[in-house]
There are 4 protein chains.
Amino acid sequence: MALTIADISFASRLFMGTASYPNQQVLLDALDAGEPSLVTMAIRRISLDAYGGSLLDTLGSRYRLLPNTAGCATVRDAVLTAELAREALETGWIKLEIIGDRETLYPDAELLLQGTAELVKAGFTVLPYCTDDPILCRKLADLGAAAVMPLGSPIGSGLGIANPYNIERICAQSPVPVVLDAGIGTASDATFAMELGCDAVLLNTAIARAHDPVRMARAMRDAVRAGYDARHAGRIPRRLRAEASSPELGLVGA
Amino acid sequence: MALTIADISFASRLFMGTASYPNQQVLLDALDAGEPSLVTMAIRRISLDAYGGSLLDTLGSRYRLLPNTAGCATVRDAVLTAELAREALETGWIKLEIIGDRETLYPDAELLLQGTAELVKAGFTVLPYCTDDPILCRKLADLGAAAVMPLGSPIGSGLGIANPYNIERICAQSPVPVVLDAGIGTASDATFAMELGCDAVLLNTAIARAHDPVRMARAMRDAVRAGYDARHAGRIPRRLRAEASSPELGLVGA
Amino acid sequence: MALTIADISFASRLFMGTASYPNQQVLLDALDAGEPSLVTMAIRRISLDAYGGSLLDTLGSRYRLLPNTAGCATVRDAVLTAELAREALETGWIKLEIIGDRETLYPDAELLLQGTAELVKAGFTVLPYCTDDPILCRKLADLGAAAVMPLGSPIGSGLGIANPYNIERICAQSPVPVVLDAGIGTASDATFAMELGCDAVLLNTAIARAHDPVRMARAMRDAVRAGYDARHAGRIPRRLRAEASSPELGLVGA
Amino acid sequence: MALTIADISFASRLFMGTASYPNQQVLLDALDAGEPSLVTMAIRRISLDAYGGSLLDTLGSRYRLLPNTAGCATVRDAVLTAELAREALETGWIKLEIIGDRETLYPDAELLLQGTAELVKAGFTVLPYCTDDPILCRKLADLGAAAVMPLGSPIGSGLGIANPYNIERICAQSPVPVVLDAGIGTASDATFAMELGCDAVLLNTAIARAHDPVRMARAMRDAVRAGYDARHAGRIPRRLRAEASSPELGLVGA
């Protein structure tokens, strides 16, 4: 069953960022290996021609583009950035980031609610990057967010999913898709996110700054598939005692 | 780079058991989906015709067979079972299980050392199912074990890898391949095992007793690949602070 | 060094609730054993004479009382409750709870900010029960909260500290005291909270519903002391290799 | 209920080592603060007069002494050391350490079984330092060990209890007292060990090399008491949903 966000279907449940790659060729090769269905990019970087026009054309022809408002710390700044992105990339989709702290780059929940309300009203398809707070996620969905993107742990930290309890609860009750965003360090983190019930995983640093980004992209592609399949295959319960898989009935000679 | 045990190359790093499946067709479909390169079976069950001769022929034509001594609690019993297996399956490979406790089905380390010595002397290719004790693993390799198979947690428990520290240390120093055996509950456990440095993962209950064994087999195939690739792609370090993936240099209008 | 909140010194870093005890005598005995310096109570329960006037007099003569707004889901309701509490208990201290979800009883961060602002303006000493979001905690302190009370995990869940990373970060940067509130299940959770840097621990269910509340209160008293001392004694670093505590220099006979 | 090992009662469940202290006075002060009922010492160090005779007299007059065979790697060496200790300290108690690996200082399970059998036969009261393998612990008790001392994690590592599952199982089934030995890093680790069911905790590095050993000793004294009381007070179950401690019946004005 394909993932659907705001009436758009996505064949892959891996979303990838485009920052911090050693060079443009590695980025393109990693995207080939990871097979994402959506890629994010900081609109501020685009405006500086960090990516040439031709790269944008290439990406836009293969993937759905999701500009983000990385670096914004006020609602006004984020809204302005979203408008710039809409113009530049001809998309109304926006990943809303409003940062409250330079150390953790955690979102400011209060401003995020205001920014989401404002951008939804202005016709955007809003995917807010938020904390793992189930109440916040519900309120964002109530305001019209197309998906919620709770963090696993701080951006770029590689600490994985700091609070699986919260992520699982958010997934269990969210009326919109849940995309785990930030904190993934390695493949098992991505698998685990999907097992907790996430609809997709968005990651950047774990691939871009791996020793071999292309191989890590392939690992993440498989990891997301594995977690999604495992979730839907229905895992065995945890037991505190062993349970023989080779029954001991009918021993030799008995 | 292919896995090699006792001079035999294995294309896949997933090993699967054959017990506890709802029926024979599901077993065969799960094997198709999981694409293991080796399958285990309890020789005691074979002797009871739980598997018909035709099933054995089918399995033997596609996979390397690894009979095990499940249910044995003495060296004598295990050696006898290994000899029966060699005769019945025409293989000198044996997964040595000597159980010390009915609750945990944990191996008896002392007897395992004796049994390994005896079976190696008798010309077997011995893969002992052992605890996650690095000293024991080293001694088993010294005695001539072709691989070591430390447990993640009790057989059939689905508790995953109870002591990652020990598994990582075993992998770091083992002169023979390390196959994580027992305890896997879901895909992320298998991915994690590979990330810790295991050469392969052997599992049975997590697939056979999943709600949908065929889909779980596919998940495990991808999970093992993901973990192996992630291990060799070189993950990012863990950081306690965030690190922006979208640099904040050159903000809009600046 | 004593804990100080809003210019009041507290000899003990254990704060206790008063709900859910088997009976009033067990509550009093548990308070004797736990030696808290502050006790909380739901003002709504008081209004129902769940505690007789004489109990309130007893508690008030021994401990600082902290009425809470448990059960409130709106700012208006919480402010009304705080005013009732001020009148009934003759204290301007209030633990502000504004719940956003009946399943988790998690606070609503947005309403909490509004409620804190309003109550601070009205002259209350406000201790908000909040999520473990460092940004929220900083904003509450900026609004004039006398302390912040982040949750470990859901009220009454006994799941302990779900996200130690966040709690440690909140403690590292908070300009006001941090009181871990909710989720504690057993003594080691309380010790751990203090080791992460919390200034105090508030708990209720873990004591009141233990099999032996009085003994658990004593355990918690010692646990909080142990964690505070360990924090300030400066623990050894974690090492991945062993380090002999008994040096091997000068072996016998050498 | 006091702890009893080999018919000797112990008032305190904290056992302390004597190595690695900054100086002798700090050692004595830490012992005063920790209030252990038993102290261990490496017999090899004693033989070198690392501790003067007067220190030994002081310790021996206040605590039960438990010499250990730290640094031994063979049964013969360990037995010889135990005999030296018996002569020098006039005690038949011995903590048996036979190390199998210089990196982890993990015990060699096979040699430990042999050494225990030999020393029990020679009339010693044997407390073997062992891995967290339930089968090994049972076999040691069967051979006559007076207690078993499974490791939490490598000596001096401060990693805490790497495998709580195994420690809990050992405690649940051991016919002799279980003393958690090695790996403790801070107070909550000691509390947790007792909550898992351990009868006592033995530690050295976590106190001796803390920034303030005397304060850490006091923390450990309280931590062990807290864990023991919490264990016996009967903790609340873990729940995945919140449970209000302040009932919402009878709201104000309702």
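The shown structure was predicted, so the numbers you read here are calculated from the model rather than taken from an experiment.

**Examining the overall build of chain A**
Argument step 1. Looking only at helices and strands, chain A has 10 helices and 10 strands in total.
Argument step 2. Its C-alpha atoms give chain A a radius of gyration of 20 Å, within 12% of the compact-globule value 18 Å for 254 residues.
Argument step 3. When its C-alpha atoms are laid out on the principal axes, chain A stretches across 80 × 40 × 35 Å.
Argument step 4. Going through the 254 residues of chain A one by one, you find that 64% of them count as buried.
Argument step 5. By sequence separation, contacts in chain A at least 24 residues apart represent 65% of the contacts at least 6 residues apart.
Argument step 6. With an accessible surface of roughly 8,900 Å², chain A has 49% of that area assigned to carbon and sulfur atoms.
Argument step 7. Charge centroids of chain A, computed over 23 positive and 29 negative side chains, lie 3 Å from each other.

**Comments concerning the UniProt feature "binding site: 1-deoxy-D-xylulose 5-phosphate" (unreviewed entry) in chain A**
Residues and elements named next belong to chain A.
Argument step 1. UniProt's feature table lists "binding site: 1-deoxy-D-xylulose 5-phosphate" (unreviewed entry) at Gly156, Ala182, Gly183, Asn204 and Thr205, given in the numbering used throughout. Of the residues just listed, which span 50 residues, no C-alpha pair is farther apart than 9.4 Å, and they cluster in one region.
Argument step 2. Beyond its immediate stretch of four places on either side in the chain, alanine 182 contacts Tyr129, Leu151, Gly152, Ser153, Ile155 and Leu202.
Argument step 3. Looking at the secondary structure, you find asparagine 204 in the loop between strand 10 (200-203) and helix 9 (205-208).
Argument step 4. According to the relative accessible area criterion, asparagine 204 is buried, its value standing at 10%.
Argument step 5. At 3.1 Å, the side chain of asparagine 204 and the backbone nitrogen of threonine 18 are in polar contact.

**Considerations on the relation of the copies chain B and chain A**
For the pair of chain copies, the relating transformation is a rotation about an axis with a translation along it.
Argument step 1. With an RMSD of 0.0 Å, chain B superimposes on chain A once it is rotated by 180 degrees and translated 0.0 Å along the axis. Taken together, the rotation angle and the small translation identify this as a two-fold axis.
Argument step 2. A share of 100% of the interface residues of chain B reappears at the interface of chain A, consistent with the copies meeting face to face through the same patch.

**With respect to the interface of chain C and chain B**
Argument step 1. The interface of chain C with chain B comprises four residues on the first partner and four residues on the second.
Argument step 2. Of the roughly 320 Å² buried at the junction of chain C and chain B (both faces included), carbon and sulfur atoms supply 40%.
Argument step 3. Taken together, the links from chain C to chain B amount to two residue pairs in polar contact (both at pLDDT 80 or more).
Argument step 4. Split into classes, the residues belonging to the side of chain C that touches chain B amount to two nonpolar, no polar and two charged.

**A look at the pairing of strand 10 (residues 200-203) of chain B**
Residue and element names in this part refer to chain B.
Argument step 1. Side chains Ala200 and Leu202 project from strand 10 onto one buried face, and the interleaved Val201 and Leu203 project onto a second face that is buried too.
Argument step 2. Bridge count for strand 9 (residues 179-181) against strand 10 is three bridges, and the pairing is parallel. Bridge pairing in strand 10 places valine 179 opposite alanine 200.
Argument step 3. Once you follow strand 9 into helix 8 (residues 187-195) and on to strand 10, the crossover reads as right-handed.

**Details of helix 6 (residues 134-142) of chain D**
Argument step 1. Burial analysis of helix 6 of chain D places seven of its nine residues in the buried class, the great majority of the element.
Argument step 2. Along helix 6 of chain D, the positions that sit buried rather than exposed are Pro134(D), Ile135(D), Leu136(D), Cys137(D), Lys139(D), Leu140(D) and Ala141(D).
Argument step 3. Elements that come into contact with the buried residues of helix 6 of chain D comprise helix 5 (109-121) of chain B together with helix 5 (109-121), strand 7 (125-130), strand 8 (149-150) and helix 7 (164-173) of chain D.
Argument step 4. The opening residue of helix 6 of chain D, the one whose side-chain oxygen lies 2.9 Å from the backbone nitrogen of Ile135(D), is Asp133(D).
Argument step 5. Phi for Gly144(D), located one or two positions after helix 6 of chain D, is positive at around 110 degrees.

**Description of the packing of helix 8 (residues 187-195) of chain A against helix 10 (residues 213-233) of chain A**
Residue and element names in this part refer to chain A.
Argument step 1. The geometry of helix 8 relative to helix 10 is characterised by a closest axis approach of 7 Å and an angle of 30 degrees between their N-to-C directions. Between helix 8 and helix 10, the angle falls in the class roughly parallel. Between helix 8 and helix 10 lies a crossing of right-handed hand. Contacts from Ala187, Ala190, Thr191, Met194 and Glu195 in helix 8 reach Ala219, Met220, Ala223, Val224, Ala226, Gly227, Tyr228, Ala230 and Arg231 in helix 10.

**Here's the deal with the relation of the copies chain C and chain B**
Argument step 1. Overlaying chain C with chain B gives an RMSD of 0.0 Å, the required rotation being 180 degrees about an axis along which the chain moves by 0.0 Å.
Argument step 2. Both copies share a contact surface, since 100% of the interface residues of chain C are interface residues in chain B too.

**Considering the UniProt feature "active site" (unreviewed entry) in chain A**
Argument step 1. Per the UniProt annotation, the sites labelled "active site" (unreviewed entry) are Lys95(A).
Argument step 2. Note on Lys95(A): relative accessible area 6%, which makes it buried.

**Description of the packing of aromatic side chains**
Argument step 1. Applying the stated criterion across every chain, the model contains eight aromatic pairs over all chains.
Argument step 2. Seen from their ring centres, Phe10(B) and Phe15(B) are 5.6 Å apart, and the 55 degrees between their planes marks the pair as tilted.
Argument step 3. Between Phe10(D) and Trp93(D), the ring centres sit 5.9 Å apart and the planes meet at 65 degrees, which makes this aromatic pair edge-to-face. Of the two residues, Phe10(D) is situated in strand 2 (residues 8-10) and Trp93(D) in strand 6 (residues 93-96); the sequence distance between them amounts to 83 residues.
Argument step 4. The buried category is assigned to Phe10(D), whose relative accessible area is 3%.
Argument step 5. According to the relative accessible area criterion, Trp93(D) is buried, its value standing at 7%.
Argument step 6. Grouped by ring-pair contacts, the aromatic residues Phe10(A), Phe15(A) and Trp93(A) constitute a single cluster.
Argument step 7. Just above the ring of Phe124(A) sits the side chain of Arg86(A); from NZ or CZ to the centre is 3.8 Å.

**Side note on the packing of helix 1 (residues 24-34) of chain C against helix 10 (residues 213-233) of chain C**
All names here are of chain C.
Argument step 1. At a closest axis distance of 7 Å, the pairing of helix 1 and helix 10 adopts a crossing angle of 25 degrees. Taken together, the axes of helix 1 and helix 10 are roughly parallel relative to one another. Both helix 1 and helix 10 take part in a crossing whose hand is right-handed. Only Pro213, Val214, Ala217, Arg218 and Arg221 of helix 10 make contact with helix 1, whose side of the interface consists of Val26, Asp29, Ala30, Ala33 and Gly34.
Argument step 2. Grouping the constituent residues of the contact of helix 1 with helix 10 by class yields six nonpolar, one polar and three charged.

**Side note on the pattern of salt bridges**
Argument step 1. Overall, the coordinates contain 50 salt bridges over all chains when judged by the stated rule.
Argument step 2. The closest approach of N and O atoms between Glu110(B) and Lys139(D), which form a salt bridge, is 2.7 Å. Placement of the pair is Glu110(B) in helix 5 and Lys139(D) in helix 6, with the two residues belonging to separate chains.
Argument step 3. The exposure class assigned to Glu110(B) is partly exposed, which follows from its relative accessible area of 23%.

**As for helix 5 (residues 109-121) of chain C**
One full turn of an α-helix is made of 3.6 residues, so residues set three or four places apart face in the same direction.
Argument step 1. The terminal C-alpha atoms of helix 5 of chain C lie 18 Å apart, and with 13 residues this matches the ideal 18 Å at 1.5 Å per residue to within 8%.
Argument step 2. Within helix 5 of chain C the residues assigned to the buried category are Ala109(C), Leu111(C), Leu112(C), Leu113(C), Gly115(C), Thr116(C) and Leu119(C).
Argument step 3. If you follow the buried residues of helix 5 of chain C, they end up packed against helix 5 (109-121) and helix 6 (134-142) of chain A together with helix 4 (75-89), strand 6 (93-96), strand 7 (125-130) and helix 6 (134-142) of chain C.
Argument step 4. The N-cap of helix 5 of chain C, judged by a side-chain oxygen 3.1 Å from the amide nitrogen of Glu110(C) a few residues on, is Asp108(C).
Argument step 5. Gly123(C) lies just past helix 5 of chain C and shows a positive phi near 90 degrees.

**Some points on the pairing of strand 7 of chain D**
Residue and element names in this part refer to chain D.
Argument step 1. Within strand 7, six of the six residues are buried, leaving the element largely enclosed by the surrounding structure.
Argument step 2. The side-chain alternation of strand 7 yields two buried faces, one formed by Thr125, Leu127 and Tyr129 and the other by Val126, Pro128 and Cys130.
Argument step 3. Crossover connection from strand 6 via helix 5 to parallel strand 7: handedness right-handed.
Argument step 4. As paired strands, strand 7 and strand 8 are joined by two bridges and run parallel to one another. By the bridge assignment, cysteine 130 is partnered in strand 8 with proline 150.
Argument step 5. What joins strand 7 to strand 8 is helix 6, and the crossover it makes is right-handed.

**Comments concerning the state of the cysteines**
Here a disulfide denotes a covalent bond joining the sulfur atom of one cysteine to the sulfur atom of another.
All names here are of chain A.
Argument step 1. The tally for this structure, following the rule as stated, stands at zero disulfides over all chains.
Argument step 2. No disulfide involves cysteine 171; its nearest neighbouring cysteine sulfur is the one of cysteine 198, lying 3.8 Å away.
Argument step 3. Judged by relative accessible area, cysteine 171 falls into the buried class, the value being 15%.

**Some thoughts on the interface of chain B and chain A**
Argument step 1. The interface of chain B with chain A comprises 68 residues on the first partner and 68 residues on the second.
Argument step 2. In total, chain B and chain A occlude about 5,600 Å² of area from one another, counting both sides; carbon and sulfur atoms represent 56% of this.
Argument step 3. Our enumeration of links across chain B and chain A arrives at five salt bridges.
Argument step 4. The residue Glu103(A) makes a salt bridge to Arg241(B) at a minimum N-O spacing of 2.7 Å.
Argument step 5. On the surface where chain B and chain A come into contact, there are 21 residue pairs in polar contact (both at pLDDT 80 or more).
Argument step 6. Where the side of chain B that touches chain A is concerned, the elements lending two or more residues are helix 2 (43-46), helix 8, helix 9 (205-208) and helix 10 (213-233) of chain B.
Argument step 7. Ranked by residues supplied to the side of chain B that touches chain A, first place goes to helix 10 of chain B with 13 residues.

Reading the values: the criteria
Residues numbered from 1 in each chain as written. Chains lettered and ligands numbered in written order. Predicted model: local features only at pLDDT ≥ 70, side-chain atom pairs only at ≥ 80, totals over all residues. Heavy atoms only, no water. Helix = DSSP H or I, 4+ residues; strand = E, 2+ residues; numbered from the N terminus. Rg over C-alpha atoms; globule rule 2.2 N^0.38 Å. Buried < 20%, exposed > 50% of the residue type's maximum accessible area, 1.4 Å probe, protein only. Contact = heavy atoms within 4.5 Å. Areas by Shrake-Rupley, 256 points an atom, 1.4 Å probe, with all protein chains shown as cover. Lys, Arg positive; Asp, Glu negative; His and termini not counted. Charge placed at Lys NZ, Arg CZ, Asp CG, Glu CD. UniProt positions renumbered as here; feature names shortened; annotations may be inferred. Polar contact = N/O pair within 3.5 Å; in protein donor to acceptor, adjacent residues only side chain to side chain. Least-squares fit on C-alpha atoms with pLDDT ≥ 70 in both. Buried area = accessible area lost by both parts, 1.4 Å probe. Nonpolar A, V, L, I, M, F, W, Y, C, P; charged D, E, K, R; others polar. Pairing = 2+ DSSP bridges. Right-handed = clockwise from strand over helix to strand, strands pointing away. Axes fitted to C-alpha atoms, helices over the stretch in contact; angles between N-to-C directions. Parallel < 35°, antiparallel > 145°, perpendicular 65-115°, else oblique. Left-handed = near helix turned anticlockwise from the far one by under 90°. Phe/Tyr/Trp six-rings, centres within 6.5 Å; stacked < 30°, edge-to-face > 60°. Lys NZ or Arg CZ within 6 Å of the ring centre and 35° of its normal. Salt bridge = Lys/Arg side-chain N within 4 Å of Asp/Glu carboxyl O. Expected span 1.5 Å × (residues − 1). Disulfide = S-S within 2.5 Å.

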